[in-house]
Amino acid sequence: MQDRARPLLSASLALGIGMGGFVDGILFHQILQFHNMLSARIPNTDYVGAKVNMVWDGVFHAGVWAITALGILLLWQAGRMAQANLSGRLLGGGLLMGWGLFNLVEGVIDHHLLQLHHVYEPLGQSPWDYAFLLWGLAMVAGGWRIARRDIRGGADARET
Amino acid sequence: MAALGAALRADLYARPGVGGRCILLAIVVAVHAPAFACTLCHSPQSASIRERLLQPDLWLNLGAILFPIGLLVWIVALVAHAPAAKDR
């Protein structure tokens, strides 16, 4: 990997992870209410269970917020580096890879290994959990395809 | 009390101006009811939520939720700082 690509790649990965986490939390936990953070362990079908899950959703969101803040800091640092590659492809590819990475890591650990929750909780472990992983894999592959030339060093620094 | 509430609501809906907002503010300040939903409130519901949260599995749950987040931060740190053999 090119050293010039590292600052923006790490920033965009962190921001992509954050965006993936917020989409999961906002869309699946809150709007669609398919699952909550611990809904496989603590059923969210009664008042107390739903409220306890809401607290753990908050802990998850706090963690995702911290990663997003880290991404902003890294992006600011990248912008100040004279030799950093700041290409749009690297940014976009990194964002996609970060989002996909979130789906893969969170999906494997929370949905499959620890069984904290599942994508569509009423079904338990279901094809939706595997679709979530495939979605993440596709985003990582797509992001890599977009950014690979910059990551390997085929693009000039400060290219936009 | 219900009639008063209905009258106030009607007033708020009919003339949602400064007067309505003042009435609303006065209600909030003067006749605030105990909040039943908040995590730190003193109500039977909140006590039940705290009781369930503070079970022995509290730290296990916290660790389980933070573990993937920590792993993702570690991956970002690796990309940002790990030495690249090809570049050196």
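Report follows, based on the coordinates. Computed from a predicted model, the values in this text were never measured in an experiment. (Residues numbered from 1 in each chain as written. Chains lettered and ligands numbered in written order. Predicted model: local features only at pLDDT ≥ 70, side-chain atom pairs only at ≥ 80, totals over all residues. Heavy atoms only, no water.)

1. Overview of the overall build of chain B
Put simply, the rule reads: Here a strand is any run of E in DSSP of at least two residues, a helix any run of H or I of at least four, and the numbering for each starts at the N terminus. Relative accessibility decides the category of a residue: with a 1.4 Å probe and only protein chains considered, values under 20% of the type maximum give buried, values over 50% give exposed, and everything between is partly exposed. Shrake-Rupley sampling with a 1.4 Å probe provides the accessible areas, and residues are treated as covered by the protein chains on show and by no other component.
When its secondary structure is counted, chain B shows four helices and zero strands. When each of the 88 residues of chain B is scored for burial, the buried share is 24%. When the accessible surface of chain B is totalled, it reaches about 6300 Å², and 73% of it is carbon and sulfur.

2. Examining the packing of aromatic side chains
All names here are of chain A. To keep it simple, the criterion reads: Pairing of aromatic side chains requires ring centres within 6.5 Å, counting the rings of Phe and Tyr and the six-membered ring of Trp. Pairs whose planes differ by under 30 degrees are stacked, by over 60 edge-to-face, and all others tilted.
Applying the stated criterion across every chain, the model contains six aromatic pairs over all chains. When the centroid spacing of 5.0 Å and the interplanar angle of 80° are considered together, the rings of Phe34 and Tyr120 count as edge-to-face. Taken together, the residues Phe34 in the loop between α1 (6-31) and α2 (47-80) and Tyr120 in the loop between α3 (88-113) and α4 (127-152) connect sequence positions 86 residues apart. Residue classification places Phe34 among the partly exposed residues on the basis of a relative accessible area of 28%. Three or more aromatic residues joined by ring pairs form one cluster here, namely Phe28, Phe34, Trp99, Tyr120, Phe132 and Trp135.

3. Things to note about the side chain of A:Asp57
All names here are of chain A. Going by this rule: Charge counting follows a simple rule: Lys and Arg are positive, Asp and Glu are negative, and His as well as the terminal groups are ignored. What makes a salt bridge here is a side-chain nitrogen of Lys or Arg within 4 Å of a carboxyl oxygen of Asp or Glu, nothing more. Residues count as neighbours in contact if any of their non-hydrogen atoms are within 4.5 Å of one another.
As for its position among the elements, Asp57 is in helix α2. Despite its burial, Asp57 pairs with no opposite charge; the closest candidate is Lys51, at 11 Å N-O. When sequence neighbours within four positions are dropped, the list of residues in contact with Asp57 reads His29, Asn36 and Met37.

4. As for the nonpolar core
Just so we agree on the cut-off: By convention a nonpolar core is built from buried Ala, Val, Leu, Ile, Met, Phe, Trp, Tyr and Cys residues, the set being connected through side-chain atoms within 4.5 Å.
Within the largest apolar cluster, 38 residues are counted, with the highest numbers of intra-cluster contacts made by A:Leu9, A:Trp56, A:Phe60, A:Leu90, B:Ile65 and B:Leu72. Of all the elements, helix α4 (residues 58-81) of chain B adds the most residues to this core, at eight residues. Aside from chain neighbours lying at most four places away, what touches B:Ile65 is A:Met37, A:Leu38, A:Trp56, A:Val59, A:Phe60 and A:Leu116.

5. Some details on the pattern of salt bridges
All names here are of chain A. This model, assessed by the stated rule, comprises three salt bridges over all chains. The salt bridge partner of Arg6 is Asp3, with a shortest N-O separation of 2.9 Å. Among the residues examined, Arg6 registers a relative accessible area of 8% and is labelled buried. In this structure, Asp150 engages Arg89 in a salt bridge whose closest nitrogen and oxygen atoms are separated by 3.2 Å. Taken together, the residues Asp150 in helix α4 and Arg89 in helix α3 connect sequence positions 61 residues apart.

6. Some points on unusual backbone geometry
Notably, A:Gln33 is not glycine yet its phi reads approximately 55°, a positive angle. One can find A:Gln33 in the loop between α1 and α2.

7. So, the interface of chain B and chain A
As a reminder of what qualifies: Put simply, buried area is the surface a 1.4 Å probe can reach on two separate parts but cannot reach once they are joined, added for both. Whenever a nitrogen or oxygen atom comes within 3.5 Å of another N or O atom, the pair is scored as a polar contact, on the condition that within protein one atom can donate a hydrogen and the other can accept it, and that pairs from neighbouring residues in sequence are kept only if both atoms are in side chains.
Facing 32 residues of chain B, the contacting portion of chain A comprises 33 residues. Roughly 2700 Å² is buried in total at the junction of chain B and chain A, and carbon and sulfur atoms are behind 78% of that figure. The three residues of chain B that bury the most area against chain A are B:Ile65, B:Leu72 and B:Val79, which together make up 23% of that side's buried surface. Inspection of the region where chain B meets chain A yields zero salt bridges. At the boundary of chain B and chain A, one finds two residue pairs in polar contact (both at pLDDT 80 or more). For the side of chain B that touches chain A, the elements supplying multiple residues, two or more each, are α3 (44-53) and α4 of chain B.

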